[in-house]
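Breakdown of the fold
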Amino acid sequence: MKIALWWHLPAGGGKRALYDQVRYLAERGHEIHAWSPATADRDFLPLEGLASETVLPMPDLMVGSRTAPMLLHAAKVASEIEAGGFDLAFLHSCRWFSAPHLGRNQKLKSALYLHEPLRHLHESRPKPAWTVPAGACLRDRAIGYWRTLRNRKLASQEWTNAQGPTRILVNSLFSREAVVRAYGRNAKLCPLGVDVDYWTPGEEDRQPIIAGLGTVAPHKGIDIALRSIAMLSGPKPRLEWIGNFSVGKYAEEMRSYAKLLGVELNLRFAVPQDEVRDLLRKASVFFFPSRLEPMGYAPLEAGACGCPVIGFCEGGVRETIVHGTTGMLVQEEEEFAIHLEALLASSERIKEMGAMARMRVASHYGVQQAGAALESELLKLAEKGMV
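Report follows, based on the coordinates. (Residues numbered from 1 in each chain as written. Predicted model: local features only at pLDDT ≥ 70, side-chain atom pairs only at ≥ 80, totals over all residues. Heavy atoms only, no water.)

1. Quick notes on the overall build of the protein
When its secondary structure is counted, the protein shows 13 helices and 13 strands. Over its C-alpha trace the protein gives a radius of gyration of 22 Å, about what one expects of a compact globule, namely 21 Å for 387 residues. The buried share of the protein, reckoned over its 387 residues, is 53%. When contacts within the protein are restricted to residue pairs at least 6 apart in sequence, long-range pairs at least 24 apart make up 70% of them. Only carbon and sulfur atoms are counted for the fraction: they give 53% of the accessible area of the protein, which is about 17,300 Å². The protein carries 46 positive and 43 negative side-chain charges, and their two centres are separated by 7 Å. (Helix = DSSP H or I, 4+ residues; strand = E, 2+ residues; numbered from the N terminus. Rg over C-alpha atoms; globule rule 2.2 N^0.38 Å. Buried < 20%, exposed > 50% of the residue type's maximum accessible area, 1.4 Å probe, protein only. Contact = heavy atoms within 4.5 Å. Areas by Shrake-Rupley, 256 points an atom, 1.4 Å probe, with all protein chains shown as cover. Lys, Arg positive; Asp, Glu negative; His and termini not counted. Charge placed at Lys NZ, Arg CZ, Asp CG, Glu CD.)

2. Here we look at the sheet that holds strand β11 (residues 283-288)
Strand order in the open sheet formed by six strands is β10-β9-β8-β11-β12-β13, with parallel pairing between adjacent strands. On the outer flanks of this sheet lie β10 (265-269) and β13 (327-330), each paired with one strand and no other. The sheet shows a mean angle of 20° between the axes of neighbouring strands, direction not considered. Direction of pairing for strand β9 (residues 238-243) relative to β10: parallel, over a ladder of five bridges. Of the residues in β10, the one forming a bridge with G243 is F269. Sitting on the sheet, helix α6 (residues 222-230) touches β8 (207-213), β9, β10, β11 and β12 (309-312), and the angle it makes with β9 is about 170°. Across the sheet, helix α8 (residues 273-282) touches β8, β9, β10 and β11, and the angle it forms with β8 is around 135°. (Pairing = 2+ DSSP bridges. Axes fitted to C-alpha atoms, helices over the stretch in contact; angles between N-to-C directions.)

3. Some remarks on the nonpolar core
The biggest cluster of nonpolar side chains holds 57 residues, and the ones touching the most others in it are L5, F90, L280, F286 and L378. Sort the elements by how many residues they give to this core and helix α1 (residues 13-27) lands first, with six residues. Contacts of L378, omitting those with residues within four sequence positions, involve M1, I3, L25, L88, F90 and A111. Judged by nonpolar contacts, the second largest core, of 33 residues, contains A99, L118, A129 and A162. (Core = buried A, V, L, I, M, F, W, Y, C linked by side-chain atoms within 4.5 Å.)

4. A closer look at the pattern of salt bridges
Overall, the coordinates contain 19 salt bridges when judged by the stated rule. Put simply, E314 and R291 hold a salt bridge, and the shortest N to O gap is 2.7 Å. Here R291 lies in the loop between β11 and α9 (297-304) and E314 lies in the loop between β12 and α10 (317-320), a separation of 23 residues in the sequence. With a relative accessible area of 15%, E314 lands in the buried category. Look at R291 and you get partly exposed, because its relative accessible area is 39%. Through salt bridges with shared partners, one network takes in E116, R119, E123, K220 and E293. (Salt bridge = Lys/Arg side-chain N within 4 Å of Asp/Glu carboxyl O.)

5. Some remarks on the side chain of E314
Separated by 2.7 Å, the side chains of E314 and R291 make a polar contact. Polar side-chain contacts of E314 include one of 3.0 Å to the backbone nitrogen of L292. Once residues within four sequence positions are removed from consideration, E314 is found in contact with S290, R291 and L292. (Polar contact = N/O pair within 3.5 Å; in protein donor to acceptor, adjacent residues only side chain to side chain.)

6. Digging into the packing of aromatic side chains
Applying the stated criterion across every chain yields a total of five aromatic pairs. Centre to centre, the rings of W35 and F86 are 5.7 Å apart; their planes meet at 75°, and the pair counts as edge-to-face. Of this pair, W35 sits in strand β2 (residues 31-37) while F86 sits in the loop between α2 (67-83) and β4 (88-94), and the two are 51 residues apart along the sequence. As far as burial versus exposure is concerned, W35 and F86 are alike and both buried. Ring centres 5.0 Å apart and planes at 80° place the aromatic pair F312 and F336 in the edge-to-face group. Residue F312 is located in strand β12, and its partner F336 is located in helix α11 (residues 334-344); the two are separated by 24 residues in the primary sequence. Of the aromatic side chains, those joined through ring pairs into one cluster are F287, F312 and F336. (Phe/Tyr/Trp six-rings, centres within 6.5 Å; stacked < 30°, edge-to-face > 60°.)

Structure (structure tokens):
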């Protein structure tokens, strides 16, 4: 196939998914040309050598002023794709709008790999985006109404963009349901996969370390991990957390909170991938206290490295973790400490559960299985005609 790729992602799981998919398709002999705005992150897992790229200028604008430039950008990209004789357009999520404006073009046969809708518009984080503080002063109410109007405009753009693509692909059944709720559209499951030849268990014994991965932000649940470790009756393992960046001063807040609880916390940022793998090989347990994650690369990488996972029984995590076999799923925060204490008391249990986690990831979530499922969907779309 001759594939026109569009993407606009930050560093993180979405970009990792894009990289793995493009690498698989390129290795399969498909020709790929990529377009992206200049505000996309090209330093993390660059596509150089896998696809030819066109980077178009795009100012890093505030939320309320992004629509017009993105519409112009989409029109330019669409005209270049239409003139290029591509078999299909393969779109990834937009970091600003989730569903990209390019998807509106009805002339394109397009598949959108949507990681998730704009969560702050569809979830309480911690309050719905549409609320105005009760009893607020006139100034705060005016700001609240302005934010509500801005969010309504953003939601309108997102919904309209999501109606255009020929097909929407998602990473989990949970994400499929989220697409139905947010956009009223059906979506096809194409799970993510990890390189099980790279993410492998280590040879040394596991250490009294709890691992965590993800942006250092409130919704990732670092505070939950710290409280769970503080509740242990015996020696308290160190929490090692690796993230791409910290939101505001949250990293310093968590360091202070850890000192208050008497828990050792080591936060690291933007480390090489080999260091992430080293952490997952030596940690006893991987904590995944994020809420409503669409799927999550981190639990798959941890499982492939033979590290049991403890996470909330919600979102896509319910699909990747088998409770009591490859990890533990909890419904209440207090259960994290209970399961953690039980696992730390038995190195054999950690070893057995880690081996089962490795086996499940290798059999269900390998990068080859994920790539083959994606390729099959794109081939079906390409057979419907040229762009």
